[in-house]
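Given next are the chains, with one letter for each unit.
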Amino acid sequence: GDLHWGPRAATLAASLLSLVFVYLAVRQMARSDRAGLIAALLAAAAPAHVLVSGTPLAESFFLASFAGACAAAIRFAGDRRPRWALAASVAFAAGNLLRYESWVLSAVFGVWLIAGVVRRRQALAALDLGLLAVAIVLPAIPAALWLLEIRSVYGSFGYAPERHG
């Protein structure tokens, strides 16, 4: 039998999950179920999404983590409960395990969280402040661990040791 169904099924599930997150993000921004549904349908029909959905690579999982992070960040912007910032942070951390592009996106998210706390200029409960601090730091952990591994394996931050010869 064909043993490739497992990775393809996981890729399809991640692609479908990314569409759910697109729906949730647009629904929250537009405050309209119809707008969320239209956005998810347009995303599903986009050629890039169709290609990624059928290819068992990391891209579909990255898109799901990024769409989930965006949906949670948009929800956080709407109601300011730190649990949504933490959910976005976990999704960005997952994305950081998959694609280097996510490192920059999660850094922008961290700056956005810090700017939001500074802009509010009101006292936050210690628990809320702690959750926001975790949300800022958590996405950096996978990147830092990856860089430390590269350093320990190669003795530098390059991909391969230099060879002279």
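As shown above, the structure is provided for reference.
Position labels on residues start from 1 in each chain and follow its written sequence. Local features in this predicted model are restricted to residues of pLDDT 70 or higher, and side-chain atom pairs are both shown and tallied only at a pLDDT of 80 or more, whereas totals for entire chains, interfaces and linings draw on every residue. With hydrogens and water stripped out, all remaining heavy atoms of the structure feed into the side-chain values.

Draft legend 1. Spotlight on helix 6 (residues 101–120). The first and last C-alpha atoms of helix 6 sit 29 Å apart over 20 residues, in line with the 28 Å expected at 1.5 Å per residue. Each residue is placed in one exposure class: buried if its accessible area under a 1.4 Å probe, protein chains only, is under 20% of its type's maximum, exposed if it is over 50%, and partly exposed if it falls in between. A helix here means a DSSP run of H or I that spans at least four residues, while a strand means a run of E at least two residues long, and both kinds are numbered starting from the N terminus. By the burial criterion, the buried members of helix 6 are Ser102, Ser106, Phe109, Gly110, Leu113 and Gly116. Projection of helix 6 onto a plane perpendicular to its axis shows the buried side chains occupying an angular sector of 125°, all on one side. Seen from the buried face of helix 6, the exposed residues on the opposite side, beyond 90 degrees, are Val104, Val108, Val111, Val118 and Arg119. Buried residues along helix 6 sit against helix 4 (59–79), helix 5 (82–98) and helix 7 (126–137). Expected helix span is computed as 1.5 Å times (number of residues minus one). Here, the arc refers to the directions that run from the helix axis to the C-beta atoms. For this analysis, residues touch if any pair of their heavy atoms sits within 4.5 Å.

Draft legend 2. Here's a closer look at unusual backbone geometry. Phi at arginine 31 takes a positive value of approximately 55°, unusual for a residue other than glycine. Mapping arginine 31 onto the fold places it in the loop between helix 1 (5–30) and helix 2 (33–45). What makes arginine 31 exposed here is its relative accessible area of 67%. With a phi close to 60°, arginine 80 is a non-glycine residue in the positive phi region.

Draft legend 3. A look at the packing of helix 1 against helix 2. Running from amino to carboxyl end, helix 1 crosses helix 2 at an angle of 145°, the nearest separation of the two axes being 7 Å. At the point where helix 1 passes helix 2, the crossing takes the right-handed sense. From helix 1, Leu19, Val22, Tyr23, Val26, Arg27 and Ala30 reach across to helix 2, where they touch Asp33, Ala35, Gly36, Leu37, Ala39, Ala40, Ala43 and Ala44. In this classification, Asp, Glu, Lys and Arg are treated as charged, Ala, Val, Leu, Ile, Met, Phe, Trp, Tyr, Cys and Pro as nonpolar, and every other residue, Gly included, as polar. Here the residues of the contact of helix 1 with helix 2 sort into 11 nonpolar, 1 polar and 2 charged. Axes here refer to lines fitted to C-alpha atoms; in helices the fit is confined to the stretch in contact. Angles between the N-to-C directions go from 0 to 180 degrees. Two helices crossing with the near one rotated counterclockwise from the far one by less than a right angle form a left-handed crossing, whereas a clockwise rotation gives a right-handed crossing.

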